[in-house]
Amino acid sequence: MKILSDNHIHTFYSGENGHAIGTIEEVVKAAIEKGMKEIIISDHGPGHKFYGYKICRMNEVRKEIDRLNGKYPQINILYGTEANVMGYNGEIDLTDKEKEFLDRISVGFHYGIFNMDIKSFIIFQILNPLSKFIKPLRKYLIRKNTDALINIIKKHNIDIITHPGCKVKLDIYRLAKECEKYGTALEINSSYHDALSYEDLKIALKTNCKFSIGSDSHKPQNIGNFERSLKKIEKYNIYKNRIINLVEE
Ligand SMILES: [Zn+2]
Ligand SMILES: [Zn+2]
C-alpha cells in the first residue's frame, strides 16, 4: 500500500520559534518530491503557549495556500489546524470565525495549555502526570480524558484525532465507537510509536472507525515518512477503505 497524502504537517508557523521549520512553500515542494498528491498543513492551534500559531496569521496563511494551489496543480494543499483540547467540556482553541479559514480540523491533547478552566487544568496538567505513580487515579482519568475528546467531536466537526493515547491515556474502544458515529478518524501517527499503539489499534479495529496517517513532520524532509504507520497497517492487514488518506495499492 502506498500512502499518497500526508495528513499531519507542521510549518514554521507552529510557534515561529524553531519548534518546526519550513515555510509553506518549502513544505509543498518537499511533499511533491516525496510523491504526495495531497497534504494537510496542521500547525498547532493558537491555545498552545509555546508552539501555537498566531491567530492574526490565519488570513495570510489562507491566501498563501490558495496561491500555492494555483502554482503547484500537481498537489492539493489543505489548510488544517492541530487544535488543542482546552478543557473537559468540549472546548478547543478555535472560534467559529477562525474555523471558516480552514479546510480540515484535527485535535489532540498537548501539554503547554495554561488557560483552561481551573477544574480542567487540575485534571489535565496535575492529575494526568501524577497517575503514572498513583494507580487508583488511572481509571478516573481514562474516563475523563476520553469524555473530553468525545465532547469535542460531538461539538466541533473534527476530521482527525491526532496521536490518540500518546500524551494521556484513553479508552480507545469507546472513543473509536464515537468516532465511527461522528465521522472522525483516529490517527496512526508516524512520529510516535504509541499513538496508536499496536494494542490500541487492535481495539479500534473492532469498531468501524476510520484512520488517518500522518508523519507529524516538523521539518520538510520528514514529510511522507510513514514507515511506522505502514508496519501497523501491514500487521493488521488494514484495508484501504478504512484509511482516509489517498492510497494506492
Ligand atoms: Zn501533536
Ligand atoms: Zn503535530
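Residues numbered from 1 in each chain as written. Chains lettered and ligands numbered in written order. Predicted model: local features only at pLDDT ≥ 70, side-chain atom pairs only at ≥ 80, totals over all residues. Heavy atoms only, no water.

Draft legend 1. Here's a closer look at helix α8 (residues 227-235). Along α8, the positions that sit buried rather than exposed are Ser229, Lys232 and Ile233. For α8, the angular spread of buried residues about the axis comes to 100 degrees, placing them on one side. α8 presents Glu227, Lys231, Glu234 and Lys235 as exposed residues on the side facing more than 90 degrees away from its buried surface. Elements in contact with the buried residues of α8: β1 (2-3), β7 (185-189), α7 (198-204) and β8 (210-214). Within two residues after α8, Asn237 carries a phi angle of roughly 50 degrees, on the positive side. (Buried < 20%, exposed > 50% of the residue type's maximum accessible area, 1.4 Å probe, protein only. Helix = DSSP H or I, 4+ residues; strand = E, 2+ residues; numbered from the N terminus. Arc of directions from axis to C-beta. Contact = heavy atoms within 4.5 Å.)

Draft legend 2. View of the coordination of the zinc ion (ligand 2). Within the protein, His8 (NE2), His10 (NE2), Glu82 (OE) and Asp216 (OD) serve as the donor atoms for the zinc ion (ligand 2), at 2.0 to 2.3 Å. If you look at the zinc ion (ligand 2), its four donor atoms make angles of 80 to 169 degrees with each other, and the shape they trace is irregular. One chain supplies every donor to the zinc ion (ligand 2), and in sequence these donors are spaced H-x1-H-x71-E-x133-D. The metal-metal distance between the zinc ion (ligand 2) and the zinc ion (ligand 1) is 3.3 Å, with Glu82 coordinating both. Of the two residues, His10 sits in the loop between β2 (5-9) and α1 (24-33) while Glu82 sits in strand β4 (residues 76-84), which places them 72 residues apart along the sequence. Comparing His10 with Glu82 shows no difference in burial state: the two are buried. (Donors = N, O, S within 2.8 Å, 3.2 Å for Na, K, Ca; no water. Tetrahedral: all angles 85-135°; square planar, octahedral: opposite > 155°, others 65-115°.)

Draft legend 3. The sheet that holds strand β5 (residues 104-108), seen in detail. Reading across the sheet, the seven strands line up as β2-β3-β4-β5-β6-β7-β8 and stay open at both edges, with parallel pairing between neighbours. Looking at which strands have only one partner, the edges of the open sheet turn out to be β2 and β8. In the sheet, strand β3 (residues 38-44) pairs with β4 via seven bridges, with the strands oriented parallel. Opposite Ser42, over in β4, you have Gly80 as the bridge partner. Those strands touched by α1 are β2, β3 and β4, and its axis lies near 145 degrees from that of β3. (Pairing = 2+ DSSP bridges. Axes fitted to C-alpha atoms, helices over the stretch in contact; angles between N-to-C directions.)

Draft legend 4. Up close: the packing of aromatic side chains. Scanning all chains against the criterion turns up eight aromatic pairs. Seen from their ring centres, Tyr111 and Phe124 are 4.6 Å apart, and the 10 degrees between their planes marks the pair as stacked. Pair noted here: Tyr111 is in the loop between β5 and α4 (118-130) and Phe124 is in helix α4, with a separation of 13 residues, a long-range link. Relative accessible area serves as the criterion here: at 29%, Tyr111 is assigned to the partly exposed category. Note on Phe124: relative accessible area 0%, which makes it buried. One aromatic cluster is present, built from ring pairs that chain together Phe50, Tyr51, Phe114 and Phe121. The ring centre of Tyr198 lies 5.4 Å from the NZ or CZ of Lys232, which sits over that ring. Directly above the aromatic system of Tyr236 lies the positively charged group of Lys235, at a separation of 5.7 Å from the ring centroid. (Phe/Tyr/Trp six-rings, centres within 6.5 Å; stacked < 30°, edge-to-face > 60°. Lys NZ or Arg CZ within 6 Å of the ring centre and 35° of its normal.)

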